[in-house]
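# Coordinates in review
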Amino acid sequence: QVQLVESGGGLVQAGGSLRLSCAASINIFSFNAMRWYRQAPGKQRELVATITSGGKTNYADSVKGRFTISKDNAKNTVYLQMNSLKPEDTAVYYCNAARIQIGDLFESWGQGTQVTVFS
């Protein structure tokens, strides 16, 4: 029932920028945290960034200083601003929403959006 739809991916030259969006079908304030993951070919899924319902953020060391996660509760949307992109950032980026309810963790995933960075 909970739908997450990513958008904003594409092909970009190294050093460029993209902004990814994750639109949720319900109020994102109901989630304890929303996250961006990515998975590159031949690599394990990697946690990129987290934002809590209170607005606190965390980033993977590989993207710290270059990526910014933010949210707009009124639009039920989470963003990932990606600057100074590197070829190593090439991956499918997935939006994740997590909520703890009655002691259980519930997660929803989007279908992903492709980001390709070329030199």
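Further up the page is the structure itself.
Before going into details, it helps to say that this report is about the structure given with it.

Basis of the calculations
- Residues numbered from 1 in each chain as written.
- Predicted model: local features only at pLDDT ≥ 70, side-chain atom pairs only at ≥ 80, totals over all residues.
- Heavy atoms only, no water.
- Pairing = 2+ DSSP bridges.
- Helix = DSSP H or I, 4+ residues; strand = E, 2+ residues; numbered from the N terminus.
- Axes fitted to C-alpha atoms, helices over the stretch in contact; angles between N-to-C directions.
- Phe/Tyr/Trp six-rings, centres within 6.5 Å; stacked < 30°, edge-to-face > 60°.
- Buried < 20%, exposed > 50% of the residue type's maximum accessible area, 1.4 Å probe, protein only.
- Core = buried A, V, L, I, M, F, W, Y, C linked by side-chain atoms within 4.5 Å.
- Contact = heavy atoms within 4.5 Å.

## Examining the sheet that holds strand β7 (residues 67-72)
Pairing between the strands of a sheet comes from backbone hydrogen bonds, and it takes one of two forms, parallel or antiparallel. On the basis of which strands lie adjacent, the open sheet formed by four strands has the order β1-β3-β8-β7 and antiparallel pairing. For this open sheet the edge positions go to β1 (4-7) and β7, each flanked by a neighbour on one side alone. If you compare each strand with its neighbour and ignore which way they point, the axes differ by 15° on average. Here strand β3 (residues 18-24) pairs with strand β8 (residues 77-82) via six bridges, running antiparallel.

## Digging into the packing of aromatic side chains
The geometry of an aromatic ring pair is captured by the separation of the ring centres together with the interplanar angle, meaning the angle of the planes. Using the criterion set out here, one finds one aromatic pair in the structure. Both rings, one in Tyr37 and one in Trp109, keep their centres 5.0 Å apart while their planes meet at 50°; by these two values the pair is tilted. Here Tyr37, found in strand β4 (residues 33-39), pairs with Trp109, found in strand β10 (residues 104-109); they are 72 residues apart in sequence, far enough to count as distant. Taking the relative accessible area as the measure of exposure, Tyr37 reaches 14% and is therefore buried. The partly exposed category is assigned to Trp109, whose relative accessible area is 30%.

## Some remarks on the nonpolar core
Counting 28 residues, the largest nonpolar core has Met34, Trp36, Leu80, Met82 and Tyr93 as the members making the most contacts within it. For this core, the secondary structure elements donating two or more residues are β3, β4, β5 (46-52), β7, β8, β9 (91-101) and β11 (113-118). Beyond its immediate stretch of four places on either side in the chain, Met82 contacts Gly16, Ser17, Leu18, Leu20, Arg66, Phe67, Tyr93 and Val115.

## Focus on the side chain of Ser108
With respect to the helices, strands and loops of the structure, Ser108 is situated in strand β10. By relative accessible area, Ser108 is classed as buried at 14%.

Just geometry here; none of it tells us what the structure is for.
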